[in-house]
Each structure stands twice: as structure tokens, then as C-alpha cells.
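Chain residues, written in single-letter form:
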Amino acid sequence: MPDQLNDTMAEATRLTRAGRVAEATALIQRSLGNRPGPDPTAATSGPRRPRPGAGTRLLDGSYRNAAGTRGYKLYVPSGYTGQAVPLVVMLHGCTQSAADFAAGTRMNELAERDTFLVAYPEQAAKANGQRCWNWFLPAHQRRDAGEPSLLAGITRQVMETRQVDPGRVFVAGLSAGGAMAAVLAATYPDLYAAAGIHSGLVHGAAHNVPSAFAAMREGPPGDSRASGESIPLIVFQGVRDTTVAPANAAALLSPWSSTAPETLTGPGWTRRVYRDHDGRVVAEWWTVDKLGHAWSGGSPQGSYTDPAGPDASAELVRFFLDRPGEGRAGRWQDRLALPRPLRSLLRGGRST
């Protein structure tokens with residue numbers, strides 16, 4: 001036991017010297033038989049988040065249609081008492097699970113603070129051996145087909161079983177989950193009010209496994225850049241990401257490439273803010289200098305996280321909750337020059 005403890009302390013010292021303090025702390029706690037505590041770096045990025053309390057619930061659910069069945073977990077915060085609240089759909093990356101992604105992003109803590117629902121769909125191993133969402137296959141890149149139909153179905157099921165503000169439904173994901181979030185943003189702009197993509201790729205960047213790896217390594221082909229109208233989008237990308245090249249982030253922001261962004265900088269990060277002609281923020285692009293293929297500001301209790309850098313979860317929630325809800329000016333359908341019955345249909349309602 002003493003030799004094992006010495007080895008643990010040596011490794012913890014190495015991690016600390018490398019600036020990986022949260023990992024060192026978690027390693028020591030595991031060696032002592034304790035569960036990891038709060039991330040010691042959290043206090044540097046803002047007020048401490050409330051921990052989920054006794055009144056919170058993480059419920060299991062599933063949805064089935066002609067494309068198959070997918071399970072999901074739904075986080076219900078203690079402040080939810082039946083009032084209409086926002087919904088955030090979180091899509092995990094390859095090899096991850098819903099619970100792992102929830103732990104790594106700490107999105108439930110933000111849901112507890114701001115009172116919104118969080119749904120975590122989970123990929124089935126039989127659909128992809130690495131549990132990746134199949135964003136790179138044409139069968140899963142279309143509306144009302146494949147995995148997009150399943151994920152939209154999960155979203156609608158939560159909206160039917162809980163009180164959700166239909167104008168404040170959002171989707172976000174990491175890596176393969178980020179790429180699938182881009183698919184949903186492109187194919188269901190009537191369902192999702194904004195999207196958050198962390199280390200992901202643009203819709204249509206690939207059509208099979210080889211082209212997926214090529215896009216991840218080099219960026220998408222020129223003809224697969226995002227084009228036309230897009231829902232509001234916030235993108236996070238690590239400069240040192242060797243799994244998904246930073247060129248993919250630029251492709252995601254291409255609908256706003258003709259607009260000169262406002263640029264803000266901080267310790268190790270750059271934030272570009274894009275506005276529409278009315279001055280509303282429609283997109284943000286965060287680049288994090290020392291970040292690899294990991295969720296920025298995440299918890300070491302989950303995989304593919306880096307506790308350093310800006311808190312991606314908090315920034316996504318800020319961006320999302322700044323969106324106006326149903327019944328307030330700003331929904332993109334209401335800004336289109338369309339008859340009122342058609343705008344209603346675009347929202348998923350009935351024409352009257």
C-alpha cells in the first residue's frame with residue numbers, strides 16, 4: 001500500500017506541474033477511497049454552481065419510430081413545478097454515454113441554477129459500435145429519416161410530456177454529437193431555436209466513413225459548407241484539436257462569413273460575435289488556444305473534458321437563454337415575409 005500511494009503521489013505531482021490540477025486532485029481522492037469532489041478550478045470561472053438537490057430527478061425514457069428505438073435520460077430540476085421552461089438536448093460523442101456526458105459537461109448543475117430541462121439521448125451500440133451518432137451517412141442526414149427523426153422524436157416527446165416553451169428548445173453536442181447537432185439545426189430549424197456545436201462538423205461534410213475521417217482531419221469539402229438561412233449558433237473549437245480540425249469550425253460559421261464579427265479576447269481564448277442587421281447576436285465562435293479534443297471547462301468526472309479554459313456549458317446556456325421565447329419578438333419564423341398560417345405551420349402548430 002505505501003508503494004502504491006507513493007506512485008500515486010508521484011503521478012499527482014507530475015499532473016500538477018503540468019497544470020492539470022483537477023486531474024491530480026481526482027487521482028488522490030480515488031487513491032484514498034473518496035469520490036471526486038468539486039473541480040477546484042471552478043471558482044476561477046464564476047460563481048459556484050448549485051448541486052442537484054433531493055427534489056431533482058434524472059428519468060429514463062425511450063422513443064421509437066420506423067427508424068428504430070433510442071433511449072434517453074431527462075434531467076428535471078427541483079425548480080420545475082409544471083411551468084413552461086426551456087429544453088436543452090445534449091448529444092454525446094463517440095464512446096460516451098448519456099450519464100458520462102452529463103457528468104463531464106455539468107449541464108445539470110446549470111439546469112438546477114436556471115430551471116430548464118435537459119435531455120440526453122443515447123446512441124445504441126448496435127447502431128454504431130463506438131456509440132457515435134451516424135452524422136456521416138446520408139441516411140442520417142435528412143429530415144424525418146434515420147437518427148435525425150429519432151432525436152427530433154425524443155425532443156417532441158419531452159415537449160408533450162412536460163411543459164416546455166416551444167420557442168426555447170435547443171440542441172448541443174460534442175464531436176460526433178456536435179456534428180449531429182449541426183444536422184438537426186439544418187433539418188429541423190422549426191424545432192430548435194439555436195444550436196451549440198463543440199468540436200463538430202458541418203451538415204453534409206461526409207457521406208461515408210473514409211470521407212468522415214478526411215473531413216475531420218482536413219475540414220469539409222468546399223461544397224458542404226453551411227449555406228443559406230441558419231438558426232443561431234454558438235461554436236467551440238480547440239486550436240490543438242488533432243481529431244477534428246479547426247477548419248470545421250470556420251465552415252460552421254460560413255453563413256455569417258460576409259459579416260465582420262466583434263472580436264474579444266481573454267486568457268487563452270478568442271470570441272467572435274456575429275450580429276444580424278438589427279443588431280441581434282446570431283452566432284458566436286470561441287477558439288481556445290490550448291484545448292485539444294475535449295469539452296472546454298468540463299469536469300474530470302466525465303470523459304473528453306478539460307477543466308481549463310472558458311466554461312463551454314455556461315457560455316452555451318447564456319447564449320441559449322438570451323433567445324426570446326414563444327410569444328416574444330425574435331423567432332426566426334416570424335421575421336420571414338410569410339402569411340401567418342404558414343408561420344404557424346413552421347412552428348409545428350396548426351393553421352387556423
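Just so we're clear, the structure is a prediction, and the values are computed from it rather than from any experiment.

A. View of the packing of helix α5 (residues 146-161) against helix α6 (residues 176-187). Their axes nearest at 10 Å, the elements α5 and α6 cross at an angle of 80°. One element, α5, and the other, α6, form an angle in the roughly perpendicular class. In this structure, α5 contributes Glu147, Pro148 and Leu151 to the contact, and α6 contributes Met180, Val183, Leu184 and Thr187. Residues of the contact of α5 with α6, tallied by class, amount to five nonpolar, one polar and one charged.

B. Summary view of the pattern of salt bridges. Considering all chains together, one arrives at twelve salt bridges under this definition. The shortest N-O distance in the salt bridge between Asp60 and Lys73 comes to 2.6 Å. Separated by 13 residues along the polypeptide, Asp60 in strand β1 (residues 57-65) and Lys73 in strand β2 (residues 68-76) bring together distant segments of the chain. When the shortest N-O distance is used, the salt bridge between Arg275 and Glu262 registers 2.4 Å. Note that Arg275 is positioned in strand β9 (residues 269-275) and Glu262 in strand β8 (residues 262-266), a separation of 13 residues in sequence. Exposure remark for Glu262: the relative accessible area of 36% places this residue in the partly exposed category. In this structure, a network of salt bridges that share partners links the residues Arg271, Glu284, Glu315 and Arg318.

C. Region of interest: the state of the cysteines. Counted under the stated rule, the structure contains one disulfide. Between Cys94 and Cys132 runs a disulfide, and the two sulfur atoms are separated by 2.0 Å. Where Cys94 bonds to Cys132 through sulfur, the torsion about that S-S bond is close to 125°, and the disulfide is right-handed. In this pair, Cys94 sits in the loop between β3 (85-91) and α3 (98-105) while Cys132 sits in the loop between β4 (117-122) and α5, placing the two residues 38 residues apart along the sequence. The class for Cys94 is partly exposed, based on a relative accessible area of 22%.

D. Representation of the sheet that holds β2 in the model. In spatial order, the strands read β1-β2-β4-β3-β5-β6-β7-β10-β9-β8; together these ten strands make up an open sheet with mixed pairing. The open sheet has two edge strands with one neighbour each: β1 and β8. Strand-to-strand twist across the sheet, computed as the mean angle between neighbouring axes with direction ignored, equals 20°. Two strands pair when backbone bridges link them, and β9 and strand β10 (residues 281-288) are joined in this way by seven bridges, in the antiparallel orientation. Of the residues in β10, the one forming a bridge with Val273 is Glu284.

E. The arrangement of the packing of helix α4 (residues 107-114) against helix α9 (residues 312-321) in detail. Where α4 contacts α9, the axes come no closer than 10 Å and their chain directions differ by 40°. Between α4 and α9, the crossing angle belongs to the class labelled oblique. The two elements α4 and α9 meet at a crossing, and its hand is right-handed. Of α9, the residues touching α4 (which contributes Met107, Leu110, Arg113 and Asp114) are Ser313, Ala314, Val317 and Leu321. Here the contact of α4 with α9 is composed, by residue class, of five nonpolar, one polar and two charged.

Thresholds, definitions, all that
- Residues numbered from 1 in each chain as written.
- Predicted model: local features only at pLDDT ≥ 70, side-chain atom pairs only at ≥ 80, totals over all residues.
- Heavy atoms only, no water.
- Axes fitted to C-alpha atoms, helices over the stretch in contact; angles between N-to-C directions.
- Helix = DSSP H or I, 4+ residues; strand = E, 2+ residues; numbered from the N terminus.
- Parallel < 35°, antiparallel > 145°, perpendicular 65-115°, else oblique.
- Contact = heavy atoms within 4.5 Å.
- Nonpolar A, V, L, I, M, F, W, Y, C, P; charged D, E, K, R; others polar.
- Salt bridge = Lys/Arg side-chain N within 4 Å of Asp/Glu carboxyl O.
- Buried < 20%, exposed > 50% of the residue type's maximum accessible area, 1.4 Å probe, protein only.
- Disulfide = S-S within 2.5 Å.
- Pairing = 2+ DSSP bridges.
- Left-handed = near helix turned anticlockwise from the far one by under 90°.

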